[in-house]
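# Inside the fold
The lines below spell out each chain.
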Amino acid sequence: MPYKLWYWAEIQGRGEFVRLPMEAAGIAYADVARELGSAALIADMKARAHRPPFAPPYLDTGDRVIAQVANILLWLGDRHGLAPEDTATRHWLHEIQLTVTDFVAEVHQVHHPVGTGRYYEDQKPEAARFAQEFRAERMPKFLGWFERSVEGGWLAGNRWSYGDTSIFQLIEGLRYMFPRRMAAIEGDYPRLVAIRDRVAALPGIRAYLDGPRRIAFNTRGIFRHYPELDAA
C-alpha cells in the first residue's frame, strides 16, 4: 500500500523535503491533500486523537504516523536505504538534516519576522531589516557549514541520501528567493552546487521536475521572492 503524505495542497513547503527522496527512490506514496484538498488535511489532523501530529507534513505508513521532516526522513532512510549503513554516519546525516530544519525556519522568518499570523505587507520594514542580515550573515554561515560537511561526491557517503535531496531543495529555493544574492555567492559553494546538479540528474527527480506534480515556487510558500528583499 502506498504511503500517505499529508501536507498543504497549494505549496511545496516543508513537504517537498519529504517528496523529493521518495521521488528519487521510486517510493510509492499518495499526496493526499493534493487529491482531496487542504480541508481534508485539517479534518484528518483534528481526527487524530492518539499521538496527533503538531503540524504537517506527516507520513502515514499504514502502521504508524510520523511527523516532522527530519523524523520522517530518518525513518525513510532506515527503511528504504536512503541513508548510510553505519550508525555514526546516519546520526551525522540526521544532524545535518536538523540543521536544514533550522535554516528553513530562518528562511521563513525573512518574510514573517514579526509574526506568522500577519501578512508580509504588514511587516515589510521589519522584513527588509531581517533580509539584509540574513543575506549578509546567515546565508554564508549555513551554506558554508553545509559546504564543509560534504564528504565526497555526495553529502555523506558514495551514493545519494535524503540529505542530498534536501541540499537540492535549499539551493533551488534560495535561487528563487534571492536570485541576485545567490548569483553573487554561489561560487563559494561548489560542492553544494555539484550536489544540486547530481540530484537534478537522478532519473526519478528528473521525471518529477519535468512532470505536472512539482508545484512552482510561489509567494505562499517558505521560499518567497520579493524583489525588494533581494540584493547582491
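The present account deals with the structure reproduced in this document. Because the structure is a prediction, the values reported are computed rather than measured.

## Re unusual backbone geometry
The amide bond that connects P56 to the next residue, P57, takes the cis arrangement and shows omega of 5°. Positive phi is not limited to glycine here, since R51 has a value of about 50°. For R51, the location among the structural elements is in the loop between α3 (38-47) and β3 (58-60). In the Ramachandran plot, Q68 falls in the positive-phi region, its phi being about 75° despite a non-glycine side chain. Looking at where Q68 falls in the secondary structure, it is placed in the loop between β4 (65-67) and α4 (69-80).

## Some points on the packing of helix α1 (residues 16-25) against α4
Look at α1 against α4: their axes get within 9 Å of each other, and the N-to-C directions meet at 15°. Between α1 and α4, the crossing angle belongs to the class labelled roughly parallel. Crossing angle aside, the handedness with which α1 passes α4 is right-handed. Here F17, V18, P21 and M22 of α1 lie close against α4, whose contacting residues are V69, I72, L73 and L76. Considering only residue class, the contact of α1 with α4 consists of 8 nonpolar, no polar and no charged.

## Quick look at the pattern of salt bridges
In this structure the tally under the stated criterion is 15 salt bridges. With a shortest N-O distance of 2.6 Å, E23 and R213 are connected by a salt bridge. Taken together, the residues E23 in helix α1 and R213 in the segment after α10 (203-210) connect sequence positions 190 residues apart. Judged by relative accessible area, which is 11%, E23 ranks as buried. We classify R213 as partly exposed; its relative accessible area is 45%. By sharing partners, the salt bridges in this structure join E16, R19, D31, R34 and R214 into a single network.

## Side note on the packing of helix α5 (residues 87-111) against helix α7 (residues 162-177)
In contact at an axis separation of 10 Å, α5 and α7 are set at 20° when each is read in the N-to-C sense. On the basis of their axis angle, the class for α5 and α7 is roughly parallel. When the axes of α5 and α7 are compared, the crossing they make is left-handed. Contacts from R90, L93, H94, Q97, V100, F103, V104, V107, V110 and H111 of α5 reach α7 at Y162, G163, S166, L170, L174 and M177. By residue class, the composition of the contact of α5 with α7 is 10 nonpolar, 5 polar and 1 charged.

## Quick word on the pairing of strand β1 (residues 3-6)
Examined bridge by bridge, β1 and strand β2 (residues 29-31) share 3 bridges and lie parallel to one another. Opposite L5, over in β2, you have D31 as the bridge partner. Alignment of β1 against β3, held across 3 bridges, turns out to be antiparallel. When the bridges of β3 are listed, K4 appears paired with D60.

## What to know about helix α9 (residues 190-201)
End to end, α9 covers 17 Å across 12 residues, agreeing with the expected 16 Å (1.5 Å per residue, within 8%). For α9, the full list of buried residues reads L192, V193, I195, R196, V199 and A200. One side of α9 carries all its buried residues, which in axial view fall inside an arc of 155°. Buried positions along α9 lie against α6 (124-149), α7 and α10.

## With respect to the nonpolar core
Judged by nonpolar contacts, the single largest core of 61 residues is most densely connected at M22, L76, F103, F146, L170, L174 and F223. Not counting residues up to four positions away in its chain, the partners in contact with L76 are Y3, V18, M22, L59, G81 and L82. Ranked by size, the runner-up nonpolar core spans 9 residues in total, among them W6, A40, M45 and A67.

## Some points on the sheet that holds β3
Here 4 strands make up an open sheet; going across it, the order is β2-β1-β3-β4 and the pairing mixed. Edge positions in the open sheet fall to β2 and β4, since each of these has one partner strand only. Across the sheet, the mean angle from the axis of one strand to that of its neighbour is 20°, orientation sign disregarded. Here β3 runs beside β4; their pairing, made up of 3 bridges, is antiparallel. The residue bridging D60 from the neighbouring strand is V65, located in β4. Set on the sheet, α4 makes contact with β1, β3 and β4; between it and β4 the angle comes to about 125°.

Basis of the calculations
Along each chain, residues carry numbers from 1 onward, in the same order as the chain's sequence is written. Totals for whole chains, interfaces and linings use all residues, but because this is a predicted model, local features are given only for residues with pLDDT of at least 70 and pairs of side-chain atoms are given and counted only at 80 or more. Computation of side-chain values covers all heavy atoms of the structure but excludes hydrogens and water. Per the convention used, a helix needs a DSSP run of H or I reaching at least four residues, while a strand needs a run of E reaching at least two, with both numbered from the N terminus. Lines are fitted to the C-alpha atoms to define the axes, a helix being fitted only along its stretch in contact, and any angle between axes, read from their N-to-C directions, falls within 0 to 180 degrees. Working definition: roughly parallel below 35 degrees, roughly antiparallel above 145 degrees, roughly perpendicular at 65 to 115 degrees, and oblique for all remaining angles. A crossing counts as left-handed when the near helix is turned anticlockwise from the far one by less than a right angle, and as right-handed when that turn is clockwise. Contact definition: two residues touch when any of their heavy atoms are within 4.5 Å. Residues were grouped as follows: Ala, Val, Leu, Ile, Met, Phe, Trp, Tyr, Cys and Pro as nonpolar; Asp, Glu, Lys and Arg as charged; and all remaining residues, including Gly, as polar. Here, a salt bridge means any Lys or Arg side-chain nitrogen found within 4 Å of an Asp or Glu carboxyl oxygen. Only protein chains enter the accessibility calculation, which uses a 1.4 Å probe. A residue is then buried if its area is under 20% of the maximum for its type, exposed if over 50%, and partly exposed in between. One requirement defines pairing of two strands: DSSP has to find at least two bridges between them. One fewer than the residue count of a helix, multiplied by 1.5 Å, yields its expected span. In this description, one arc is meant: the one made by directions from the helix axis to the C-beta atoms. For this analysis, a nonpolar core means a set of buried residues of the types Ala, Val, Leu, Ile, Met, Phe, Trp, Tyr and Cys, connected via side-chain atoms within 4.5 Å.

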